[in-house]
Amino acid sequence: MAAIALVIGLAYVTYVLGEYGHILLGFVSMVFMIVIPFVVGEQYLAFIRKRFIVVKNAALYVDVNDVYYPSDLRSKRMPILPLPTEPSDAMLDFLYNWLRRYLTGDRLTLISCTYADLYGVGIVIVDDGTADGLELNGPLIAIPEYQLDLSGANRAQFDKECKALGAFGLPAQSQTAGICIEGLA
């Protein structure tokens, strides 16, 4: 917001300087007006690269398990992240770089499941009309929390990041069976 306000301010200054005949100062102001968005954009991209692309080829440190006990989905805390397609190396790179600040070890283990698997453990996903329809074999990734250090402020930050990515948690087995989770997919 500050960069946009600065560009608008410099545009006004450029206009005023041009109106009063200060051509050189107006030209310098115009150059700054054009350069500032590129500098701010580059700084933002550098921040994103620093946070999410630190480890190159991070997919080598990620294990995706297709074999698991269905009861584990409800008995252990695992945020479930819906994916548009099967996880690619680029997606695994992103997930590892996102979760590496929370990892207790060097490797990340994820569980690949589907909406049908959730239905098999008593979770019903309800389409609220925002999606084109749920595909029962749509890919999901479960992130087992036992491999993450979520003590202190890490828990709040992790929960906030999960919510931003669209990940959701399953209710514990002790809670009512047949819970409906609306608005997912």
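Quick caveat, the model's predicted, so the values are computed rather than measured.

Caption draft 1: Here's a closer look at the nonpolar core. In terms of nonpolar packing, the biggest core is built from 21 residues, with W98, L99, L110, L148 and F158 touching the most fellow members. A per-element tally of this core places helix α4 (residues 89-99) first, with five residues. Once you skip the residues sitting within four places of it in the chain, L148 turns out to touch L99, Y102, L103, T104, I143 and F158. With 11 residues, the next largest nonpolar core counts Y68, I111, L118 and L140 among its residues.

Caption draft 2: Structural view of the sheet that holds strand β2 (residues 79-82). With respect to topology, five strands assemble into an open sheet ordered β1-β3-β5-β2-β6, the strand pairing being mixed. If you trace the sheet from one side to the other, it starts and ends with β1 (62-65) and β6 (168-169), each paired once. Taken together, the four bridges between β1 and strand β3 (residues 108-114) define a ladder with parallel strand orientation. Pairing of V62 across the sheet is with L108, part of β3.

Caption draft 3: Main features of the pattern of salt bridges. With the rule as written, the count across this model stands at four salt bridges. Linking R107 and D63 is a salt bridge whose minimum nitrogen-to-oxygen distance equals 2.7 Å. Of the two residues, R107 is situated in the loop between α4 and β3 and D63 in strand β1; the sequence distance between them amounts to 44 residues. A relative accessible area of 40% means that R107 is categorised as partly exposed. Judged by relative accessible area, which is 29%, D63 ranks as partly exposed. With its nearest N and O atoms 3.7 Å apart, the salt bridge here joins R101 to E161. Taken together, the positions of R101 in the loop between α4 and β3 and E161 in helix α6 (residues 153-165) put the pair 60 residues apart, joining distant regions of the chain. Residue R101 is classed as partly exposed on the basis of its relative accessible area, which comes to 42%. In the salt-bridge network here, residues are joined through shared partners; they are E145, R155 and D159.

Caption draft 4: Quick look at the confidence of the model for the protein chain. Across the protein chain, the average pLDDT comes to 78, with 79% of residues at or above 70. In the model, residues 175-180 has pLDDT below 50 throughout and makes 11 contacts with residues more than four positions away in sequence or in other chains.

Caption draft 5: Structural detail: unusual backbone geometry. Positioned with a positive phi, N57 is a non-glycine residue whose angle comes to about 55°. Within the secondary structure, N57 sits in the loop between α2 (23-52) and β1.

Caption draft 6: Summary view of the side chain of E145. Here E145 shows up in the loop between β5 (139-142) and α6. Exposure remark for E145: the relative accessible area of 9% places this residue in the buried category.

Calculation criteria
- Residues numbered from 1 in each chain as written.
- Predicted model: local features only at pLDDT ≥ 70, side-chain atom pairs only at ≥ 80, totals over all residues.
- Heavy atoms only, no water.
- Core = buried A, V, L, I, M, F, W, Y, C linked by side-chain atoms within 4.5 Å.
- Buried < 20%, exposed > 50% of the residue type's maximum accessible area, 1.4 Å probe, protein only.
- Helix = DSSP H or I, 4+ residues; strand = E, 2+ residues; numbered from the N terminus.
- Contact = heavy atoms within 4.5 Å.
- Pairing = 2+ DSSP bridges.
- Salt bridge = Lys/Arg side-chain N within 4 Å of Asp/Glu carboxyl O.
- pLDDT = per-residue confidence, 0-100.

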